[in-house]
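Structural overview
Okay, here's what each chain looks like letter by letter:
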Protein chains: 6
Amino acid sequence: MRILVVNVNTTESMTRSIAGAARAVAAPGTEIIGLTPAIGADSVEGNFESHLAAAAVMSAVTTYPEPFDAVIQAGFGEHGKEGLMELLDVPVVDMTEAAAHLAMLLGRSFSAVTTLDRTVPLIEERLAAFGLSAHCASVRSTGLGVLELEDADAARRAITAQARLAVDEDRAEVIVLGCGGMAGLDAELGRELGVPVVEGVAAAVKLAEGLLTLGLSTSKSRTYAAPRPKEVRGWPLPVI
Amino acid sequence: MRILVVNVNTTESMTRSIAGAARAVAAPGTEIIGLTPAIGADSVEGNFESHLAAAAVMSAVTTYPEPFDAVIQAGFGEHGKEGLMELLDVPVVDMTEAAAHLAMLLGRSFSAVTTLDRTVPLIEERLAAFGLSAHCASVRSTGLGVLELEDADAARRAITAQARLAVDEDRAEVIVLGCGGMAGLDAELGRELGVPVVEGVAAAVKLAEGLLTLGLSTSKSRTYAAPRPKEVRGWPLPVI
Amino acid sequence: MRILVVNVNTTESMTRSIAGAARAVAAPGTEIIGLTPAIGADSVEGNFESHLAAAAVMSAVTTYPEPFDAVIQAGFGEHGKEGLMELLDVPVVDMTEAAAHLAMLLGRSFSAVTTLDRTVPLIEERLAAFGLSAHCASVRSTGLGVLELEDADAARRAITAQARLAVDEDRAEVIVLGCGGMAGLDAELGRELGVPVVEGVAAAVKLAEGLLTLGLSTSKSRTYAAPRPKEVRGWPLPVI
Amino acid sequence: MRILVVNVNTTESMTRSIAGAARAVAAPGTEIIGLTPAIGADSVEGNFESHLAAAAVMSAVTTYPEPFDAVIQAGFGEHGKEGLMELLDVPVVDMTEAAAHLAMLLGRSFSAVTTLDRTVPLIEERLAAFGLSAHCASVRSTGLGVLELEDADAARRAITAQARLAVDEDRAEVIVLGCGGMAGLDAELGRELGVPVVEGVAAAVKLAEGLLTLGLSTSKSRTYAAPRPKEVRGWPLPVI
Amino acid sequence: MRILVVNVNTTESMTRSIAGAARAVAAPGTEIIGLTPAIGADSVEGNFESHLAAAAVMSAVTTYPEPFDAVIQAGFGEHGKEGLMELLDVPVVDMTEAAAHLAMLLGRSFSAVTTLDRTVPLIEERLAAFGLSAHCASVRSTGLGVLELEDADAARRAITAQARLAVDEDRAEVIVLGCGGMAGLDAELGRELGVPVVEGVAAAVKLAEGLLTLGLSTSKSRTYAAPRPKEVRGWPLPVI
Amino acid sequence: MRILVVNVNTTESMTRSIAGAARAVAAPGTEIIGLTPAIGADSVEGNFESHLAAAAVMSAVTTYPEPFDAVIQAGFGEHGKEGLMELLDVPVVDMTEAAAHLAMLLGRSFSAVTTLDRTVPLIEERLAAFGLSAHCASVRSTGLGVLELEDADAARRAITAQARLAVDEDRAEVIVLGCGGMAGLDAELGRELGVPVVEGVAAAVKLAEGLLTLGLSTSKSRTYAAPRPKEVRGWPLPVI
């Protein structure tokens, strides 16, 4: 099976690292293809960038020239999954929901640790829209921007500090890494904290593989039925 | 004061009718400017079109060449208001929330009557995201597409029928018209049903004027702070 | 249009200041009339006084000898609006709900800053009854009694301190002034805090004007239908 | 122990019947005293009458000349219990909450059957304010006015019909009689329906006795602390 | 009337102390019988022990050789009440729900103070399942194990400290003692804290007596209907 | 990897069929072992049987003589998963939660179709305890007992009828099969209904495999820490 892992920002190095994280956990027969949208911000840290990413991701995925069996949207707390579900017949898994689903299997409550404080409300709203808020103890921010995560040491220290507060003060029993740029930190962080740490891209790969094995895909009965045929100007978004 | 009323679809005749509804209730000193996005579907009836509209509306508003004092987003249940709030310093009012706010002042519960059944979940999610679900009795659909509303008689009949069911079965005490294309039907429908009928564009005009008179605008303290300066490819969206 | 602004306590100087705050934001054609109930406490700071105020306000408004087009109930978190809605055909706007409605348009969450700690649960319950709790970050008290607000400097300091805590600790993005006696402090406090500050009387004036312009009034279909004709002893309350 | 059972309307025959229902279940040492407010409507069927009843009940109870050990407020879904809790040092039990508390011990969900449809939202709001909504399956109305309950046959038929619908359609496992005027119907209705039927006055007597035996009374720590000393005009309400 | 008070653990001295607490508040005609399950842990402090207690309690109660009129399950936050309700025709009252019901009559919010931190989520879940979470301010743990409560001085100090935090920080107005082993501490703790303290076994006795006086028992209409006749291996649990 | 699939009832033929359903979707390297508890009812259709199953399942799993890598609890809406999580270091997946997690990835809302009406509240409570209620449209019963499902034709007809009602009336977009005895019906039912149908045992296998691949297991930090060492009488349950 072939899974398209689509980044939400335009930073190709981040797409490569996300695709690498996906490949590291993929089943033997699973091919992972990283996809970077042509349009959008080099990091998504707010509503403007997230709404733009939704359109850019839909455009990139629907114009991708090869066949694929599932899509993973690799942004944490970003918009747009619902549009992809309408446009495609194959399963679409968002890394936010994927991480939350697995975290809920592992403990009584989970916390997400993310980047800037301003993205906390977006993540909370996305979890609520996914119906996954009930066991979320907190969403905590490190104060680091998405691209600052590339300084791995500083990132690890900041993430560890917030994760520890989530465990000690918010009573989280599981930690979710709340940014595509944190892929790869889960195992080490888990050892350090003594609680399970779930990384969303990896979680999404296993969920997508599971759905495909079971022959399951998006319901087309109502909310995610294919768009009605109509005139859509400027679509797909022109790449200049 | 000058209020930009931005349509979410690309049908100019609908923009004109929406702007007309806004003008009909505007205070003497208020200038209403209708704006049609250059990109997007000719009607917005689902997630794909709504996410695309979010990007198209942000692009249209931020490239509008004249100054303005407030923006009204004239789509019912559509995405994107949060991005506009980040991008602008002036108040942004969505017609969905505007209608719900006024409806809540008038009765114990309200129902929205909208177009296609498939848009019901979007509207419910937007009301939830706005924090305005608690007194919403139901969202009901007429089964008509947005552009079918142009047949005014059929539209009125279908809307009246669903509104009556909302009052009789769902215990709605106030009806909200759930589509920009329904502007102008409120007064007549209210007389026929015997309950208040709130139309969102008109509601949004009065709320925007109220905020401006009170000198209030979007909080820039956290969620809706201006986007951080960064490289954004393909932005604003190119108009071809 | 003529708007009756009814105080909930019997302190006439507070009625004057509330009416002044209303007049300061009223549209050119709006006449503001302040009304003080003949019965009740000189400040309302708890359930006994609030329930008594509900009866006293209903009695004062229904015996007011001149015609009017709307009523504003100028107490924060007090009972009785629902009774007025039954008794009257014109719109009734409570300053608590008015402030919350406008605050929700301006940011992701709001906090109210009020007087005594004991009134916090009342305010929380009224917001819940209005269906306006979902985006309320907190209700905070200054510890000052209603009448202690007349020492403007101390009041401003205490309110500013709690508002800052609401922003910093509770993540409020908008502040609501939670007492009729705080009218007039909003603009200055907003400048100091850097977030929008909404004062309920002013908010209520703009909402009442908006409803009147749109020709909207209370639904009479169920909850707020006129009381059935029946024997009511001691009503209106005798003024001795 | 001596329990004051205060009616919310001014119909003395109803007070007598309520007090009789209380006496029928009281423990040997319990004295029941019926109290009718001097002010208010002869039946309470809406917000105006309920808010007036709140003030009238507080006035009647605080001017009652003899000592008592507990108060039962015998109106279903009416306002005012919170004010009594502030004014008194003895326990106050509302018949609405009493019925719901016992019903929750007896089955997975309960429905209340009440009089006019217009009172349904009041009852729902009071249950919510008491924190007792979670297991409430529905509040159903018979369409009968409070005083029409005196035709016992018609009342029984109408109540039975709605109770059966509550069991069959709303999945109620316990029925709560939602009006002081329904006292005495519980046993027969229970036999007929085959599910437990809880009558609120009787429930309140057992809860009040239980609290007194355990030496428990209202917490005076915050919400229900005694009112601050202040000038209250026209209080207690003059009886003319 | 005869009430079986069944402990959830196998420590007979605790059964005696629980039965003593029940007897201390029972009405003159009430006989209290303490029952210790033959199977299970000597203290219940987690899910494994609680699930085992559910089976052991059902087995002990259904094989108890004498008739009884009601059952009290004397564990705080433990599983199994629903099974007993199915198996029996007499009322079943759990001490957790009993304490919460009475606490809700006495103040705006309550906190439970329990033993080990790990039992907090169980208690929260049981309160939620009983529909009694809405007014629960917090569940706080002392860090003491169930059997460490036998050192009365240390227990009292730890419970008092947490109860004080519940009042000061969580705004609890009533305290609930969250362990069968705390029976007897309520009166003294109430005096020390200045807020009502509710002990669940005593509360359950008064509720059970109240239900019996009113002739009320578990609804057999759906959830708690008697089990269908079927083959059940190893039941009742063999006592070796 | 080796996954223990533990039935909740004592019917061995059902264990075989459940294990078969698990094997049908297991990855190449996964070994499935079916386990039948020695104690309990031949079908679990209520609280008594479910609580007994919880103890019996814990006893069966902890005395299973061979090593295993994960456990699947194959009862729909039954108690006990939390106890297993405490007792084991390997992941535990309940078929109820597994089905709900996958269903939530596939559509806006799901309905479960189960056996007897009396089990509906149990399932609703378990979904709530798992934090998975928000997108559950309904739980519907066929009226068939668990063992009546062995008449495959009647079962299929009854399940299809309720599933269709769930789609048409409750707006479910995905159907969950709510009983271990329904394993194997999902593919055919999905074709007939035109919406995805999720079977819980299959879902649980893919989730357990996913967790194992990612090296994730139950958090031992608080709720699911290993039981404290203590005296537990009659444990494990004696098999006679």
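Just so it is clear, the model here is predicted, and its values are computed rather than measured.

1. Let's talk about the overall build of chain A
Across its full length, chain A carries eight helices and 10 strands. A compact globule built from 240 residues would reach a C-alpha radius of gyration of about 18 Å, and chain A, at 17 Å, matches this within 12%. Its C-alpha atoms give chain A principal-axis dimensions of about 55 × 40 × 30 Å. Accessible surface computed for chain A: about 7100 Å², of which carbon and sulfur atoms make up 50%. If you average the places of the 19 positive and of the 30 negative side-chain charges in chain A, the two averages end up 5 Å apart.

2. Here we look at the side chain of F:Ser109
All names here are of chain F. Its location among the elements puts Ser109 in the loop between α4 (95–106) and β6 (110–114). Taking the relative accessible area as the measure of exposure, Ser109 reaches 13% and is therefore buried. Engagement of the side chain of Ser109 in a polar contact is seen with the backbone oxygen of Arg171, the distance being 2.9 Å. In contact with Ser109, not counting residues within four places along its chain, are His135, Ala137, Arg171, Ala172, Glu173 and Val174.

3. Observations concerning the environment of B:Gly83
Residue and element names in this part refer to chain B. With respect to the element layout, Gly83 can be found in helix α3 (residues 81–87). Residue Gly83 is classed as buried on the basis of its relative accessible area, which comes to 0%. C-alpha of Gly83 to C-alpha of Arg157: the two residues are 74 residues apart in sequence and 36 Å apart in space.

4. Observations regarding the interface of chain D and chain E
Across the boundary between the two partners, chain D contributes 44 residues, which contact 44 residues of chain E. When the two sides are added together, the surface that chain D and chain E hide from each other amounts to roughly 3400 Å², 66% of it contributed by carbon and sulfur. Counting the contacts that link chain D with chain E gives zero salt bridges. Applying the counting criterion to the chain D and chain E interface returns 11 residue pairs in polar contact (both at pLDDT 80 or more). Of all elements in the fold, only α3 (81–87), β5 (92–94), α4 (95–106), α5 (120–129), β9 (197–199) and α8 (200–213) of chain D reach the threshold of two or more residues within the side of chain D that touches chain E. Of the residues forming the side of chain D that touches chain E, the biggest block, seven residues, is contributed by α8(D). Of the residues in the side of chain D that touches chain E, the class split is 26 nonpolar, 11 polar and seven charged.

5. Notes on the arrangement of the chains
Taking C-alpha atoms only, the smallest gap left between chain A and chain D, which are not in contact, amounts to 16 Å. The least C-alpha distance between chain C and chain F, which are not in contact, is 16 Å.

6. Focus on the packing of aromatic side chains
The way to describe two aromatic rings as a pair is by their centre distance and the angle between their planes. Under the counting rule described, the total for this entry stands at 12 aromatic pairs over all chains. For the pair E:Trp235 and F:Phe48, a centre-to-centre distance of 4.9 Å together with 55° between the ring planes defines the contact as tilted. In this pair, E:Trp235 sits in the segment after β10 (232–233) while F:Phe48 sits in helix α2 (residues 47–62), so the two residues belong to two different chains. The residue whose ring lies beneath A:Arg126 is A:Phe130, and the NZ or CZ to ring-centre distance is 4.8 Å.

7. Considering the pairing of strand β4 (residues 70–74) of chain F
Residue and element names in this part refer to chain F. Taken across its five residues, β4 has five buried, putting it largely inside the fold. Alternating positions in β4 separate into two faces, Ala70, Ile72 and Ala74 on one and Val71 and Gln73 on the other, with burial throughout. The pairing of strand β1 (residues 2–7) with β4 spans five bridges and is parallel. Paired with Asn7 across the strands is Ala74, a residue of β4. As paired strands, β4 and strand β5 (residues 92–94) are joined by three bridges and run parallel to one another.

8. Details of the sheet that holds strand β4 (residues 70–74) of chain B
All names here are of chain B. Spatially, four strands are ordered β2-β1-β4-β5 in an open sheet, and the strand pairing comes out parallel. The sheet is open, and its two edges are formed by β2 (31–35) and β5 (92–94), each paired on a single side. Across this sheet, the average inter-strand angle for adjacent strands is 20°, counted without regard to direction. Across the sheet, helix α2 (residues 47–62) is in contact with β1 (2–7), β2 and β4; its angle to β1 comes to roughly 150°. Packed on one face of the sheet, helix α8 (residues 200–213) meets β1, β2, β4 and β5 and runs near 160° to β4.

9. Some thoughts on the relation of the copies chain A and chain B
Rotating chain A by 180° and translating it 0.0 Å along the rotation axis places it on chain B, where the RMSD comes to 0.0 Å. What the rotation and shift describe, once combined, is the action of a two-fold rotation axis. An overlap of 100% is found between the interface residues of chain A and their copies at the interface of chain B, pointing to a shared contact surface.

10. Some words on the interface of chain A and chain B
At the interface, 48 residues of chain A touch 48 residues of chain B. Between chain A and chain B, roughly 4200 Å² of surface is buried when both sides are summed, and carbon and sulfur atoms account for 53% of that area. Here chain A and chain B share 10 salt bridges between them. B:Arg228 is the partner of A:Glu45 in a salt bridge, and the nearest nitrogen-oxygen pair spans 3.1 Å. The element that contributes the greatest number of residues to the side of chain A that touches chain B is helix α2 (residues 47–62) of chain A, accounting for eight residues.

11. A word on the relation of the copies chain D and chain E
Laying chain D over chain E is done by rotating through 180° and shifting 0.0 Å along the axis; what remains is an RMSD of 0.0 Å. Interface overlap between copies: 100% of the residues of chain D at the interface are likewise at the interface in chain E, consistent with a symmetric, same-surface contact.

12. Quick look at the domain arrangement of chain A
Residue and element names in this part refer to chain A. On domain assignment, one finds that chain A holds domain 1 (2–95 + 203–213) and domain 2 (96–200). Relative placement of domain 1 and domain 2: their C-alpha centres are 19 Å apart. Across the boundary between the two partners, domain 1 contributes 29 residues, which contact 28 residues of domain 2. Interface area for domain 1 against domain 2, summed over the two sides, is near 2100 Å², with a carbon-plus-sulfur share of 62%. In terms of surface lost to domain 2, no three residues of domain 1 exceed Glu45, Phe76 and Met95, which account for 33% of the buried area on that side. Applying the counting rule to domain 1 against domain 2 returns two salt bridges. Salt-bridge contacts for Lys81 lead to Glu97; the nearest nitrogen and oxygen are separated by 2.6 Å. Viewed at the interface, domain 2 and domain 1 are joined by 14 residue pairs in polar contact (both at pLDDT 80 or more). Those elements that place two or more of their residues in the side of domain 1 that touches domain 2 are α1 (12–25), α2, α3 (81–87), β5 (92–94) and α8 (200–213).

13. Structural notes on the sheet that holds strand β4 (residues 70–74) of chain E
Residue and element names in this part refer to chain E. Taken in spatial order, the four strands of this open sheet run β2-β1-β4-β5, and their pairing is parallel. With partners counted over all chains shown, the strands left at the sheet margins are β2 (31–35) and β5 (92–94), one partner each. Pairwise comparison of adjacent strand axes, ignoring direction, gives a mean angle of 20° for this sheet. As paired elements, strand β1 (residues 2–7) and β2 share five bridges and run parallel to each other. Directly across from Val5, in β2, lies its bridge partner Gly34. Along the sheet, helix α4 (residues 95–106) makes contact with β4 and β5, crossing β5 at roughly 75°. Helix α8 (residues 200–213) contacts β1, β2, β4 and β5 of the sheet and is inclined by roughly 160° relative to β4.

14. Considerations on the environment of B:Ala166
Residues and elements named next belong to chain B. Structurally, Ala166 can be placed in helix α6 (residues 152–169). Residue Ala166 is classed as buried on the basis of its relative accessible area of 0%. Residues Ala166 and Val113, spaced 53 residues apart in sequence, show a C-alpha to C-alpha distance of 8.4 Å. Every residue in contact with Ala166, bar those within four places of it in the chain, is listed here: Ser111, Ser138, Arg140, Arg171, Ala172 and Ile175.

15. With respect to unusual backbone geometry
Peptide bonds are, in most cases, trans, and in most cases residues other than glycine have a negative phi. Note the cis peptide between B:Trp235 and B:Pro236, where omega equals -5°. In this structure, B:Pro236 sits in the segment after β10 (232–233). Residue A:Arg171 is not a glycine yet carries a positive backbone phi of 65°. In this structure, A:Arg171 sits in the loop between α6 (152–169) and β8 (174–177). On the basis of relative accessible area, A:Arg171 is assigned to the partly exposed category, the value being 36%.

16. A closer look at helix α6 (residues 152–168) of chain E
All names here are of chain E. Along its 17 residues, α6 runs 24 Å from first to last C-alpha, staying within 8% of the 24 Å computed at 1.5 Å per residue. Taken together, the buried positions of α6 are Ala155, Ala158, Ile159, Thr160, Gln162, Ala163, Ala166 and Val167. Tucked inside the fold, the buried residues of α6 contact β6 (110–114), β7 (136–141), β8 (174–177) and α7 (186–193).

Reading the values: rules and limits
- Residues numbered from 1 in each chain as written.
- Chains lettered and ligands numbered in written order.
- Predicted model: local features only at pLDDT ≥ 70, side-chain atom pairs only at ≥ 80, totals over all residues.
- Heavy atoms only, no water.
- Helix = DSSP H or I, 4+ residues; strand = E, 2+ residues; numbered from the N terminus.
- Rg over C-alpha atoms; globule rule 2.2 N^0.38 Å.
- Areas by Shrake-Rupley, 256 points an atom, 1.4 Å probe, with all protein chains shown as cover.
- Lys, Arg positive; Asp, Glu negative; His and termini not counted.
- Charge placed at Lys NZ, Arg CZ, Asp CG, Glu CD.
- Buried < 20%, exposed > 50% of the residue type's maximum accessible area, 1.4 Å probe, protein only.
- Polar contact = N/O pair within 3.5 Å; in protein donor to acceptor, adjacent residues only side chain to side chain.
- Contact = heavy atoms within 4.5 Å.
- Buried area = accessible area lost by both parts, 1.4 Å probe.
- Salt bridge = Lys/Arg side-chain N within 4 Å of Asp/Glu carboxyl O.
- Nonpolar A, V, L, I, M, F, W, Y, C, P; charged D, E, K, R; others polar.
- Phe/Tyr/Trp six-rings, centres within 6.5 Å; stacked < 30°, edge-to-face > 60°.
- Lys NZ or Arg CZ within 6 Å of the ring centre and 35° of its normal.
- Pairing = 2+ DSSP bridges.
- Axes fitted to C-alpha atoms, helices over the stretch in contact; angles between N-to-C directions.
- Least-squares fit on C-alpha atoms with pLDDT ≥ 70 in both.
- Domains from an automatic or database assignment.
- Expected span 1.5 Å × (residues − 1).

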